[in-house]
Amino acid sequence: MNELEKPIIQVLESYKAAVTKKDVDAFIALYDQDVCVFDMWGEWSYKGIEAWRKMVTDWFGSLGAERVIVDFNGVQTILGNDIAIAHAFVIYKGVSADGDELRSMQNRLT
């Protein structure tokens, strides 16, 4: 990893930590106010930070005592003078309060 990739990796690590802790504010802080997220789960897309915050609040709230562990695989970066892009495969693992894996799913993130 070179120096230019470190901030990208830090964003991915912050994403993982926010999901694990079910910390809506920390998760939302990773996104711009004008975010547009495409999501095949419940709605096709969420436009703007408030729509995204509602989805994340509902997601974390639905977990009860369960947690979600996030792992990134195949992280690729594209770096330019004024832009940085990352894409990866993401595995979300639903884990019981006792630490048992209940389910998992793989997704793609850009």
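Keep in mind that this is a model prediction, so the values were computed, not measured.

Quick word on the pairing of strand β5 (residues 101-109)
Side-chain direction in a regular strand flips from residue to residue, so the side chains alternate between the two faces of the sheet.
Phase 1: In this sheet, β5 lies alongside strand β4 (residues 84-95) in antiparallel orientation, the contact comprising eight bridges. Residue Ile-91 lies in a different strand from β5, and its bridge partner there is Gln-106.
Phase 2: The antiparallel pairing of β4 with β5 creates a hairpin that spans five residues between the two strands, and Gly-99 there sits at a positive phi of about 95°.

Some remarks on the sheet that holds β4
Phase 1: One open sheet holds the three strands; their spatial order is β3-β4-β5, and the pairing between them is antiparallel. Two strands close off the open sheet at either side, each with one partner strand: β3 (67-79) and β5. Averaged over all pairs of adjacent strands, the angle between their axes in this sheet comes to 15°, without regard to strand direction.
Phase 2: As paired elements, β3 and β4 share eleven bridges and run antiparallel to each other. Residue pairing across strands places Asn-73 opposite Phe-89, the latter belonging to β4.
Phase 3: Sheet strands in contact with helix α1 (residues 6-21) are β3, β4 and β5, and its direction is about 165° off that of β3.

Notes on the confidence of the model for the chain
Phase 1: Considering every residue of the chain, the mean pLDDT works out to 93; 99% of them sit at 70 or more.
Phase 2: Per-element confidence in the chain ranges from a low mean pLDDT of 93 for strand β1 (residues 36-38) to a high of 98 for helix α2 (residues 24-28).

Regarding the side chain of Asp-39
Phase 1: Within the secondary structure, Asp-39 sits in the loop between β1 and β2 (45-47).
Phase 2: Among residues more than four places away in sequence, those in contact with Asp-39 are Trp-44 and Tyr-46.

Some remarks on the packing of aromatic side chains
Phase 1: Counting across every chain of the model gives eleven aromatic pairs.
Phase 2: Arranged with centres 4.9 Å apart and planes meeting at 50°, the rings of Tyr-15 and Phe-27 form a pair that is tilted. Placement of the pair is Tyr-15 in helix α1 and Phe-27 in helix α2, with a sequence separation of twelve residues.
Phase 3: Relative accessible area serves as the criterion here: at 8%, Tyr-15 is assigned to the buried category.

Quick look at the environment of Leu-12
Phase 1: Along the polypeptide, Leu-12 turns up in helix α1.
Phase 2: In sequence terms Leu-12 and Phe-89 are 77 residues apart; their C-alpha atoms lie 12 Å from each other.
Phase 3: Sequence-distant contacts of Leu-12, defined by excluding residues within four places in its chain, comprise Phe-72, Val-75 and Leu-109.

What to know about the pattern of salt bridges
Oppositely charged side chains can pair when the atoms bearing their charge come close.
Phase 1: Enumeration over the complete set of coordinates arrives at five salt bridges.
Phase 2: Salt-bridge contacts for Asp-58 lead to Lys-54; the nearest nitrogen and oxygen are separated by 2.8 Å. Of this pair, Asp-58 and Lys-54 both sit in helix α3 (residues 49-62), four residues apart, roughly one helical turn.
Phase 3: With a shortest N-O distance of 3.6 Å, Asp-71 and Lys-93 are connected by a salt bridge. Here Lys-93 lies in strand β4 and Asp-71 lies in strand β3, a separation of 22 residues in the sequence.
Phase 4: The class of Asp-71 is partly exposed, set by a relative accessible area of 26%.
Phase 5: On the basis of relative accessible area, Lys-93 is assigned to the partly exposed category, the value being 26%.

Each value, and the rule that gives it
Residues numbered from 1 in each chain as written. Predicted model: local features only at pLDDT ≥ 70, side-chain atom pairs only at ≥ 80, totals over all residues. Heavy atoms only, no water. Pairing = 2+ DSSP bridges. Helix = DSSP H or I, 4+ residues; strand = E, 2+ residues; numbered from the N terminus. Axes fitted to C-alpha atoms, helices over the stretch in contact; angles between N-to-C directions. Contact = heavy atoms within 4.5 Å. pLDDT = per-residue confidence, 0-100. Phe/Tyr/Trp six-rings, centres within 6.5 Å; stacked < 30°, edge-to-face > 60°. Buried < 20%, exposed > 50% of the residue type's maximum accessible area, 1.4 Å probe, protein only. Salt bridge = Lys/Arg side-chain N within 4 Å of Asp/Glu carboxyl O.

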